[in-house]
Amino acid sequence: MITATAPKKFSVITYGCQMNDHDSEIMEGLLRSRGYEKTEDEHDADVVVFNTCCVREGAENRAIQRAQSLAAAKERRPGLVVAMSGCVAQDQGKRLLDRIPSLDIVIGTRDYIRLPELIEKYQIDGERIVATEDIDKPFSVNLVPIREQKLKGFVNIMYGCNNSCTYCIVPKTRGEEWSRPLAEVVDEVRGMVAQGYREVMLLGQNVNSYMTAAREDFADLLSALNEIDGLWRIRYTTSNPKSCRDRHIEAVAGCDKVMENLHLPVQSGNNRVLRMMKRAYNVERYRYLVEKFRAQNPLHSLTTDIIVGFPTETEEEFQDTLNLVRDMRYDNAFMFIYSPRAGTVSADTMVDDVPMKVKKDRLQRLIDLQESIAFEKNQEEIGRLHEVLVEGISKKDPGQLVGHTRTFKRVVFDGNARLIGSRVNVTITGGNGHTLMGDVVTREASFA
Ligand code: SF4
């Protein structure tokens, strides 16, 4: 009698940024191509991968504790393979094996494409593996990501970062910048469109410094992607003010599929702090770029990242940040308290001298200001007509649909689930600081 063997199961647990989300999609695709099936329950899996982030201590500790908690499961099921990938893995390498006795494989931010082979090697040899050596090696392979959403998908256009912001661990954990060939990115997006995707999010630490070996830049890439039939929307993140060039601004203005949202991290509104951070631009340059961008792209929303409580930041310098936020009128901002990360220049050479109480107070004042601006800006949207890509059913109210405008504002509205996957025109009827409410006016297009 022939008995079928149940397929092996994997679980990938992801922390951190969109780059990590997409790396997880690629690892999932690689495992599926070897016959594994996905499970959300790590206690039911034969392979568990923790794809980690080390930007904040909390996320790093959570990942490590969760991996440690698999020790008992590993004793019960010796065949269970536990791997750790992402920035913590790249940064700590072999030290993780000492910290987590139940860990079998440590796999770096450019080695993860070898995940299935490393699992097999571990299963054959039984020896724990550290694979973090490919950090500066370009890789260009036929990756088969398993994307969670079927309408919008991430596409990596470049890896690594050549900058040296003093608070950031990324250059150490993600290696030198390397841009994927333009034709390869275009082919991947064409393939996604053939599968029904309508919106792509181009990912990289500094997308606007994209530059291929053939000297094709970010403007060339946007123009090439804009020509793809069936693709409706192109987003990109993150742009660095340092690398913002006229060609980029003009390409955005000239490509009708590029969405009207610019995410331009400023980090601080004070020049001395920006110098301490080694951000390589000053506040005047940042203001000039935004002015220029808005002159050519007046419908764009603007979002940013800000750090408060950087070493030696004074109250007056923090006030400069508040003033910049008032002037820029950001639609949204990701706001953080400075937290020193071992291995960064700021952690190794600067004293973290702003008391936590002061940092928290500054963060709260910044959040209050930004939320009031976001609320005002969303109130200004009332009565305007927006194209919305209908993405799904609202989690809060199953009778409502949810989607995003081309300015990347979230909108909820009444509608039939059959509209999911189409673009509709919505009149905005209300909004708080985070979400707009609206009424569907016309249905414009559909996948069906
Ligand atoms: S630009 Fe600066 S903050 Fe961004 S990834 Fe590079 S070093 Fe880190």
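Everything numeric in this text was worked out from a predicted model, so none of it was measured. (Residues numbered from 1 in each chain as written. Predicted model: local features only at pLDDT ≥ 70, side-chain atom pairs only at ≥ 80, totals over all residues. Heavy atoms only, no water.)

Caption draft 1: Structural context of the overall build of the protein. Helix and strand counts for the protein stand at 15 helices and 19 strands. Here the C-alpha atoms of the protein give a radius of gyration of 23 Å, agreeing with the 22 Å that 2.2 N^0.38 yields for 448 residues. C-alpha atoms of the protein, sized along the principal axes, occupy 70 × 60 × 45 Å. Split into buried and exposed, the 448 residues of the protein put 56% on the buried side. (Helix = DSSP H or I, 4+ residues; strand = E, 2+ residues; numbered from the N terminus. Rg over C-alpha atoms; globule rule 2.2 N^0.38 Å. Buried < 20%, exposed > 50% of the residue type's maximum accessible area, 1.4 Å probe, protein only.)

Caption draft 2: Geometry of the sheet that holds strand 14 (residues 332-337). Across the sheet, which stays open at both edges, the three strands sit in the order 12-13-14 with parallel pairing between neighbours. Single-partner strands in this sheet number two, and they are strand 12 (261-263) and strand 14. Looking at each pair of strands side by side, their axes are set apart by 10° on average, direction ignored. Sheet topology places strand 13 (residues 301-308) next to strand 14; six bridges connect them, and they run parallel. In the sheet register, V308 faces strand 14, and the bridge partner there is I337. Where helix 15 (residues 356-380) meets the sheet, its contacts fall on strand 13 and strand 14, and the angle it forms with strand 14 comes to roughly 175°. (Pairing = 2+ DSSP bridges. Axes fitted to C-alpha atoms, helices over the stretch in contact; angles between N-to-C directions. Contact = heavy atoms within 4.5 Å.)

Caption draft 3: Looking closely at the site of the ligand. All residues in the neighbourhood of the ligand are listed as C161, N163, C165, Y167, C168, V170, P171, Q205, N206, N240 and R279. Taken together, the residues that form the shell around the ligand break down as six nonpolar, four polar and one charged. (Near = heavy atom within 4 Å. Nonpolar A, V, L, I, M, F, W, Y, C, P; charged D, E, K, R; others polar.)

Caption draft 4: Highlighting the state of the cysteines. Tallied over the entire structure, the rule returns zero disulfides. Residue C255 stays outside any disulfide, its sulfur separated by 15 Å from that of C244, the closest cysteine. (Disulfide = S-S within 2.5 Å.)

Caption draft 5: Here's a closer look at the domain arrangement of the protein. Domain boundaries assigned for the protein yield domain 1 (9-131), domain 2 (149-259), domain 3 (294-380) and domain 4 (385-445). Interface area for domain 1 against domain 2, summed over the two sides, is near 1400 Å², with a carbon-plus-sulfur share of 54%. Across the contact surface, domain 1 and domain 2 share two salt bridges. For K172, the salt bridge is made with D91, and the minimal N-O distance between the two is 3.0 Å. Our count for the contact surface shared by domain 1 and domain 2 stands at six residue pairs in polar contact (both at pLDDT 80 or more). (Domains from an automatic or database assignment. Buried area = accessible area lost by both parts, 1.4 Å probe. Salt bridge = Lys/Arg side-chain N within 4 Å of Asp/Glu carboxyl O. Polar contact = N/O pair within 3.5 Å; in protein donor to acceptor, adjacent residues only side chain to side chain.)

Caption draft 6: Looking closely at the layout of surface pockets. In this structure, the second largest pocket encloses a volume near 430 Å³. For the second largest pocket, the lining is made up of 21 residues, of which L299, H300, E381, R384 and T407 are closest to its centre. Of all the elements, strand 15 (residues 385-393) adds the most residues to the lining of the second largest pocket, at three residues. Taken together, the residues of the lining of the second largest pocket break down into four nonpolar, five polar and 12 charged. Two domains each provide a minimum of three residues to the lining of the second largest pocket, namely domain 3 (294-380) and domain 4 (385-445). (1 Å grid on protein atoms, 1.4 Å probe; cavity = no way out; pocket = protein on both sides within 12 Å on 5 of 7 lines; lining within 4 Å. Points joined across faces, edges and corners; volume = space filled by probe spheres on them.)

Caption draft 7: Layout of the sheet that holds strand 3 (residues 47-52). Reading across from one edge, 2-1-3-4-5-6 is the order of the six strands in this open sheet, with parallel pairing throughout. On the outer flanks of this sheet lie strand 2 (37-38) and strand 6 (129-131), each paired with one strand and no other. When strand 4 (residues 81-85) meets strand 5 (residues 105-107), the two strands line up parallel, connected through two bridges. When the bridges of strand 5 are listed, A83 appears paired with I105.

Caption draft 8: Examining unusual backbone geometry more closely. Of note, the amide linkage connecting T237 to T238 takes the cis form, showing an omega dihedral of 5°. Backbone geometry at T312 places phi at a positive 70°, although glycine is not the residue there. Within the secondary structure, T312 is located in the loop between strand 13 and helix 13 (315-328). For T312, a relative accessible area of 32% translates into the label partly exposed.

Caption draft 9: Structural view of helix 13. Across its 14 residues, helix 13 extends 20 Å between first and last C-alpha, which sits within 8% of the 20 Å expected from 1.5 Å per residue. Elements in contact with the buried residues of helix 13: helix 11 (271-277), helix 12 (283-296), strand 13 and helix 15. Within two residues after helix 13, R329 carries a phi angle of roughly 50°, on the positive side. (Expected span 1.5 Å × (residues − 1).)

Caption draft 10: Main features of empty space enclosed by the protein. On inspection of all chains with the given rule, the structure shows three cavities of 30 Å³ or more. In this model, the largest cavity occupies a volume close to 60 Å³. The wall of the largest cavity is formed by N208, D217, F218, A219, S243, R245, R247 and H248. Mapped onto the lining of the largest cavity, the elements with two or more residues apiece are helix 9 (218-226) and helix 10 (246-254). Of the volumes computed, that of the second largest cavity is approximately 40 Å³. Along its surface, the second largest cavity is lined by L262, V290, F293, R294, H300, S301 and L302. Elements represented by at least two residues in the lining of the second largest cavity include exactly helix 12 and strand 13.

Caption draft 11: Focus on the environment of G343. Mapped onto the secondary structure, G343 falls in the loop between strand 14 and helix 14 (345-349). Between the C-alpha atoms of G343 and K172, which are 171 residues apart in sequence, the distance is 8.3 Å. With residues near it in sequence (within four places) discarded, G343 still touches I169, K172 and D348.

Caption draft 12: Representation of the pattern of salt bridges. This model, assessed by the stated rule, comprises 37 salt bridges. Residue R34 pairs with E117 through a salt bridge whose shortest N-O separation is 3.1 Å. Note that R34 is positioned in the loop between helix 1 (18-33) and strand 2 and E117 in helix 6 (residues 115-125), a separation of 83 residues in sequence. Using a relative accessible area of 41% as the deciding quantity, one classes R34 as partly exposed. Given a relative accessible area of 37%, E117 falls into the partly exposed group.

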